[in-house]
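# Descriptive analysis of the structure
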Amino acid sequence: MLRGSIFASIIFVFILSAASVEAEVSPEIQLGARGVMSLNVDSKNNQTTDAISDFSDTDFMVGFRQKMYNKFRGQLVIGFQFPDADSDLGQVFFHQTFIKIENKSNIFKMGRSRVKTTLLDFPLLRDDDALLLTTALNPFSSGENSEDHQYGNVIEFIHLFSQRYQLQVHAEHFRKTPKTLGVAETDFGLNALGFVLQYKVPQSQRWNRSIIQSVSIGTNNFLTDRPGFSSEYDQALKNILFSFAINLKPDPVHFWDLRSQTIYNSGFREVQEINEFGDLTRTEAIGNYSSIRYLYRKMERPSLQVAFSGGYKKFLNTIQPSKLFQIASSIFYRIGENFDVGLQIQYKDFSGDLKNLYGDNETRIQFSLIYSIDQLWNNQFDDRESLLNLEHGYIP
Amino acid sequence: MDRRNFIKTGAAISAVSLFPVSLLTPNAIAAVSERFQKPLTPIMDGDVKEFHLSVDIYQQEVVPGFSFHTLAFNNQIPGPELRVTRGDKVRVIFKNMTELNHTIHWHGIYVPWRMDGVPYVTQMPVMPGKEFVYEFVAEPYGTHFYHCHWGTLLHMQAGMYGSFIVEDPDDPIKKQYGYEREYTLVYSAHDVNFIRKELNVMLDRMKERMYLMKQGRFDKERFATFDTKDEFVAAVEKGYQPPYVTNRRSPSELPQPNWFTVNGKSYPMTPNLLIKKGESIRVRLINAGTEEHYLHLHGHDFWLVCDDGVPVPQPWQMNTVRLSPGKTIDIVIEGKNRGIWTFHDHDTRRVTNNGLYPGGNLLALIYEDTPIEEMELNHMAKKMGLKSLPIVALDE
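Keep in mind that this is a model prediction, so the values were computed, not measured.

### Regarding unusual backbone geometry
With omega at 0°, the peptide bond leading from Thr177 of chain A into Pro178 of chain A counts as cis. The peptide bond linking Tyr357 of chain B to Pro358 of chain B adopts the cis configuration, its omega dihedral lying at 0°. Here Pro358 of chain B lies in the loop between strand E19 (340–345) and strand E20 (363–367). In this model, Asn378 of chain A sits at a positive phi of 60°, which is unusual for a non-glycine residue. Using a count of 13 C-beta atoms within 10 Å as the deciding quantity, one classes Asn378 of chain A as partly exposed. Within the chain, Tyr120 of chain B stands out as a residue other than glycine whose phi angle is a positive 70°. In this structure Tyr120 of chain B comes out as exposed when scored by C-beta crowding, with 11 C-beta atoms within 10 Å.

Okay, here's the thing in structure tokens:
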């Protein structure tokens, strides 16, 4: 124990002295914060049950970035968020803690971060508002925490081909829940891997009038313990994701777009009933979620966003036909720079085995206030996807 | 190798070793002229001298290892020198190759008012892909310059400036001092972080605006452009919030230049002035930047002979001259003290590269006839492997 402490102390001193030598390079400092406050009125099975004040998904991130030798850049990001009140994650959850190293056409990222269980963001109040439809679900999760499906310990490599094409290869450790009480978690081995092929127009080029924003296809293979199967291929729970986002009307004032994502879960053929969340993630299913969005930009800034979203998921291998259907409508109005008020209405309908888990239906109405900032200090170099770097020659 | 070649090679090696001062080699002397903008050759159209200028986004290497995105006339910073004779009819055909708006202002020239290049005051901006023809008679005599007058704070420090020299066959300065050689030094100061961020913002905004304008959807409030002051005031009274109010823009620091250039280069790549003992040279100083410079010549006094192009009634003898933004000052240096002498800003904050001394606008007055033996180094320096004075030092 004592020996360990001394060793730790030596490392600490070593790092400290190295830091003082490099003091002439002060990093870019990036601060991101988002406050999402809502009053939720929930109705389950057509009975009003709850009215709660909800601040989940509120998050805070700080990043440090600097140029490295040989045309590379390095970045450290640390961030935490406030999880749902009924999660077992505690008061705060460190959802981002990673280091990223990149050059013009390669990105390597390691640490806790967003996992590739979804290929698109949808215009909803919170990231997890349509989680069952928008995300390849983590089969190691109890279903208690939406963060189990969104964040994990990742190792990710991205290679970009001619600015708009990229190949992402990723491996993750997804959280396993519930934890056994009194037993420390010791297994942090990688339990998923996959890849994504993507065509994506950088955000900075949104006014170049292209129709396609992005087209992606990816896989997510969860390396599960499947009783009775020893082959790793057979043990893996395979998800295939396909998504696209297109501009319906790429107008700077009245902007319309459409986005859609389909997820196919190959499932395990022996899982034919959904009695718990683990079954839901392990049985064959196909789902789609799509949104159509109108964005009004007054004075060259977003001012009003109206979106209508909907999706379904069909479970293909359950004895009892089971389906999930969901629609959501949201409206956000900007009352100040980065400050929005919003109203969102969602309706979910469950059939078959899903009724065991979620009841017949759920309706949720949310009145919200959202404030988000993204600030950069000590800026020293340009982003890869800036207009200058994309269209006028990349400067490392 | 035959004997003849051996002798040839041996002689070359000896010449190099006996001629250690790289600054005084024939190649180095010839290279000095490369650091000065060459006059643009006009096309004669009858009795009109016609020049073609274009502007595009360009990467300027200020010193080896550091480049930034700039706006450049004819792909050079400064733009080419325009040199005409007093009374010449001048036509400048200006082509805008960028996605931004521009104009050209003829600083110090008695142009007709519609040729003065001030957007919305004397002309509409020259829009992306468009051309504008400036026509005027070259008056008055002296050292002047031209620069963009659209988004002047950004566009000038991004590189849109160049010298404009009006000669007189009976040049009074030449008569008085009998010089043969003259040099033009154009000073500027660049906050490269401001330039990068603003260029990206402007490019994005202009893509959006050009899309709307092509459709005839000009919106005065959106474009922050009004016909009259009354119209603007009325708009504010009706609730329009101008772009400078604090709910649309937080108070931000004005540009803080961190690179200081002479003819687009910083030390050690700045141009040097060549002189011989007994010779007089004329140096035209132009401040196209936003910072004041206090230019000091070591080992000499010089004569301030012209202020804003106008010959002063009584030349002033001095060794430090104040060069304010927008000013041109002509000085005559008499070759009276053989050697290598620095000529630099005595506000030494501008003798830095990215905050590191020496750098910036440091340059040298070099006597071509300085004896080699005077440049010899001491024994210790030779042991260090250094050859002779002057030495390029990047971190004192």
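### Some thoughts on the sheet that holds strand E6 (residues 105–107) of chain B
Residue and element names in this part refer to chain B. The four strands lie next to each other as E4-E9-E8-E6, forming an open sheet whose pairing is mixed. Since the sheet does not close on itself, it has two edges, and those belong to strand E4 (82–85) and E6, each with one partner. Strand after strand, the sheet turns through a mean of 25° between neighbouring axes, direction not considered. As defined by bridge partners, E4 adjoins strand E9 (residues 161–167) across four bridges and the pair is classed as parallel. Bridging from a neighbouring strand, Val84 pairs with Val166 of E9.

### Focus: the pairing of strand E11 (residues 236–249) of chain A
Residues and elements named next belong to chain A. Here strand E10 (residues 212–223) pairs with E11 via 11 bridges, running antiparallel. By the bridge assignment for E11, Gly218 is matched with Leu241. Here 10 bridges tie E11 to strand E12 (residues 254–265), and the two strands are oriented antiparallel to one another. Bridged to Lys249 within E12 is Trp256. From the end of E11 to the start of E12, which pair antiparallel, there are four residues.

### Some remarks on the interface of chain B and chain A
Contact with chain B, which involves 21 residues of that partner, is made by 17 residues of chain A. Listed by contribution, the elements that provide at least two residues to the side of chain B that touches chain A are strand E2 (48–63), strand E3 (66–73), helix H5 (192–214) and helix H6 (220–223) of chain B. Sorting elements by how many residues they give to the side of chain B that touches chain A places H5 of chain B first, with 12 residues. Residue composition of the side of chain B that touches chain A, by class: six nonpolar, six polar and nine charged.

### Structural notes on the domain arrangement of chain B
Under the domain assignment used here, chain B contains domain 1 (43–166) and domain 2 (224–254). Each of domain 1 of chain B and domain 2 of chain B was reduced to a C-alpha centroid, and the two centroids are 30 Å apart.

Here is what the cut-offs are and how they apply
- Once a new chain begins, its residue numbering starts again from 1 and follows that chain's sequence as written.
- Note on labels: chains are lettered from A, ligands numbered from 1, in written order.
- Where totals are concerned, whole chains, interfaces and linings use all residues; where local detail is concerned, this predicted model gives features only for residues with pLDDT of at least 70, and gives and counts side-chain atom pairs only at 80 or more.
- Helix and strand assignments come from DSSP, with helices taken as H or I runs of at least 4 residues and strands as E runs of at least 2, each series counted from the N terminus.
- Exposure classification rests on a simple neighbour count of other C-beta atoms within 10 Å of a residue's own: a residue reaching 20 or more is buried, one at 12 or fewer is exposed, and one in between is partly exposed. C-beta atoms are placed from the backbone.
- The pairing criterion is simple: DSSP has to find at least two bridges between the two strands.
- Angles here are taken between N-to-C directions and fall from 0 to 180 degrees, while the axes themselves are lines fitted to C-alpha atoms, restricted in helices to the stretch in contact.
- C-beta atoms are placed from the backbone for every residue, and two residues are taken to be in contact when these atoms lie within 7 Å.
- In this count, Pro and Cys sit with the nonpolar residues alongside Ala, Val, Leu, Ile, Met, Phe, Trp and Tyr, while Asp, Glu, Lys and Arg are called charged and the others, Gly among them, polar.
- Each domain's limits were defined by an automated method or a database of domain assignments.

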